[in-house]
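# Breakdown of the fold
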Amino acid sequence: MNSFPRCPAFSFPCFLISMMITARLLIGVSSASANEDFHTWRLEMSYAQDEIPDVERVGLNDVWKFKADPQGVGEAEQWYMEDVDMAGWMDFEVPGVWNEGRDAGVAWNYNGLGWFRKVFNIPQEWRGSSIRLRFLAVYLIADVWLNGQHLGTHRGGYTAFTFEDLPLRWDAPNLLVVRADNTPRRDQAPHHTIDWWNCGGISREVYLERWPGVSLEQTYITTQLDGRISVAIRLQNSLDDPRSVQFQASIGETKASVEKNYLLEPSQQMQDRLHLWVETPRLWSPEDPSLYILKLRWRVEGSEIWRVHWERFGIRQAKTQGSRLFLNGEEIWLSGMAIHQDYPGMGSAVTLEAQESDLRLIKDFGCNFVRLGHYPFHPHYLDICDELGLLVWSEIPVWQNASDVLASEDFWDRWVKPQLDEMIDQQFNHPGVIFWSIGNEFSRAWLTRGEQESPQVEGYVRRATEYVRSLDDTRLVSYASAASTGPNTWQYLDVIGKPLHYGWFHSANVYDIRTEIDAVHAYMPDKPILSVENAAMSYQDQHAGYGSDERFSMEYHDKILRVDVQSLMARREFVCGVTIWTLADLKGGREKGTYGLLDRQRKVKMLYEPIRNLYINDPKLLILEPQTLFQPGERFEVDLMTFTTQKKSFPRHTIRWWITGPQGTVESGEYLLDIQPGVHSVGKAIWEIPEGTQGMHTLICAIEDILTRRVFTNSLHFDVGAPERPALLWVETVDADGEPMAGMTIDIGGFPKTTDRFGKVPFILNGGDYTVQVSQSEEDMQMYEIHVPAKETTSIRIVR
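Now for a quick tour of the structure. (Residues numbered from 1 in each chain as written. Predicted model: local features only at pLDDT ≥ 70, side-chain atom pairs only at ≥ 80, totals over all residues. Heavy atoms only, no water.)

### With respect to the sheet that holds strand 14 (residues 214-223)
Across the sheet, three strands lie side by side as 14-15-18; this open sheet has antiparallel pairing. The sheet is open, and its two edges are formed by strand 14 and strand 18 (269-277), each paired on a single side. Here the average twist between neighbouring strands, direction ignored, is 20°. In terms of strand pairing, strand 15 (residues 228-237) meets strand 18 through nine bridges, oriented antiparallel. By the bridge assignment, S230 is partnered in strand 18 with H275. (Pairing = 2+ DSSP bridges. Helix = DSSP H or I, 4+ residues; strand = E, 2+ residues; numbered from the N terminus. Axes fitted to C-alpha atoms, helices over the stretch in contact; angles between N-to-C directions.)

Below, the structure is given as structure tokens:
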């Protein structure tokens, strides 16, 4: 990616246009095929009679031939040539990976070399044109041959790459051969012991592209909040003679435009910067993800046909001020979710439909932020984030690499710089992307142990962040430094990104998150802290008491997430957001991979509802407990705090709390207050635990408005005496066709919960008899009497 000189902007009026244009364009590649594009929204754009797309694409996304090469003999035996014995070659659908979803003749965990072959013909209408071959991704190292000629090698399994000057045959079939290599190695990115699966193969789409002789090679759009738009372009003349070019840029279907004329010499590349102005702009934000379409068109002298290129963008600004994060001049709290590009039956070759489904789940969960970890995602993910209003952390897969590798010039030249270049180049125009990350968890020195990072690690962070800013100074730069590691690298960051796994990876005590994050802030008080991972792992059939802290139990996983989220919300003065790791379980690498709020099939776990409750409701009441195991005769004492991201106050609200146990309600209290913006202390919930008390107990806290309407409910589960597995009751609501019903309120014991698309919610209870109230409105409440067995998981299904 090239850096463009920054020039002062000047003004042109323009207007927002609608995205929903229904006509699809058929082009002259063949009579039966439509132009393809990896940005699917472009296919909805309409063209005038004298306009055609700048690039015509035909996908090579169907059945190829595949053969594994565990002995590494394919190149010596010239598997890239036509006269190869095809015995043992198998049909293989591309995009696809050999570790999942394809019968590839190898074990599910095969690492090594795999060869792909595809025979294709070039449309005769393309004869004499400039043809390119574009791969959206091949994992991890790709070698490509066309008609026996080696085109080149690409390193990095998550970014697109292109070959030009192809040795094509116009009157005979062409043979395309790809060798993919997912062999784990210490000195590559990602390296040899990652905690997601390094699925090998052609994991994203492949296209043949027909480019014009005078082409638009790059377009970078930068915006300012007052509506000034700067468009950096790079034009190329691939022809053998000079060409005069008429070039136009416009935003929307108005006369507002800028026009320029260029003279391009043979083989010349030319850069320029265009300036437009959006009058009274609608800013892009999670609440209102307003998108504009930039139309760029050009024609060469003597031609009546215009080439048209479309780009989509939003007007927004992300910046920090002291320890706060701002979007469009307003302070913002990031309610985040992390995902991997992983799906059952697909591995990392996730379909467009599954990509969109996951992101809609995340948006509906109440998120405004997604961490795409730990690598650049498919462009469709970025498009959907733009449309839904999801802010994005995008990262290169420098994941826990050793300090000597980080300091290696070979590593920088082969793995770091190319992946930074490609990530930023390919994602530059996406308004959702506000963070560039240079890696994950490669720092080792703990602030709280008085340590400092090595010169190699500090040098990598300084060099990489400076390089990113030289490419794009409009976004925030960070990396994920685990726990309190990395103190002498934070000065190079805009936001201190933190994976926080106290109680799991980083310490045995989940409550250490509070003192550790306070120490990070004390060391670097003028920078915001963003939690980019909060995680544990669990199995759905493993249960234990909340006071046991039993690893891999659902209850301990639930406790860790609740403690993390609420402890970080309570520190909003310098923490700007929290991120759950992850949406769904994943095909694990060195770890078990059961991090998700959903299982890998996207079925809901009991972890999902409590965190969604904290995300989707505002204002909310935080419960900050010191422990979840108490003894008879001790004082139970927890802090209560209000949290709201809204700028207004909520007068005369009541905070009610009560504690229930095996014997019913044992203590209660209330506070009357005005809820103010931000985070504020309410008081404490206190119970002097009588001698002889045993069992699982629950603190329930509710916010009621001046009309006694319930605004928010939260809970804390804890044990007295000894840990005791609670009962888990699932209540599911379906319609007459058995489809889950969203928007149903289910109340047990004064704790109402509302169903979403899954149609079911969990309740943590003691064994006993309960009344279940189910309603969609106040007029249609139904009541059911049920018995919940102690220490068991039970489900009931209600048909409406």
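### A few points about the packing of aromatic side chains
Considering all chains together, one arrives at 43 aromatic pairs under this definition. Judged by centre distance (5.0 Å) and plane angle (50°), the ring pair of Y220 and F428 falls under tilted. Here Y220, found in strand 14, pairs with F428, found in the loop between helix 4 (409-427) and strand 27 (433-440); they are 208 residues apart in sequence, far enough to count as distant. F428 carries the same exposure label as Y220, and that label is buried. Ring geometry for F630 against F718: centres 5.6 Å apart, planes inclined by 80°, an arrangement best described as edge-to-face. Here F718 lies in strand 39 (residues 710-720) and F630 lies in strand 33 (residues 629-630), a separation of 88 residues in the sequence. Grouping residues by exposure puts F630 and F718 together as buried. Counting every residue linked through ring pairs, the aromatic cluster contains Y139, Y158, W196, Y375, F377, Y381 and W399. (Phe/Tyr/Trp six-rings, centres within 6.5 Å; stacked < 30°, edge-to-face > 60°. Buried < 20%, exposed > 50% of the residue type's maximum accessible area, 1.4 Å probe, protein only.)

### Structural notes on the state of the cysteines
Under the counting rule described, the total for this entry stands at zero disulfides. Free of any disulfide, C385 has its nearest cysteine sulfur in C367, 11 Å distant. What makes C385 buried here is its relative accessible area of 0%. (Disulfide = S-S within 2.5 Å.)

### A short note on the packing of helix 4 against helix 5 (residues 455-471)
The contact between helix 4 and helix 5 brings their axes to 11 Å, and the two run at 35°. Like other packed secondary-structure pairs, helix 4 and helix 5 cross with a definite hand, here right-handed. Residue-level inspection shows E409, W412, V416, K417, L420, D421 and I424 of helix 4 in contact with helix 5, the latter providing Y460, R463, A464, Y467, V468 and L471. (Left-handed = near helix turned anticlockwise from the far one by under 90°. Contact = heavy atoms within 4.5 Å.)

### A few points about helix 7 (residues 554-569)
Because the α-helix completes a turn every 3.6 residues, residues three or four places apart line up on one side. If you check helix 7, its first and last C-alpha atoms are 23 Å apart, about what 16 residues at 1.5 Å a residue would give, namely 22 Å. Extensive coverage of helix 7 is indicated by the burial of 16 of its 16 residues. (Expected span 1.5 Å × (residues − 1).)

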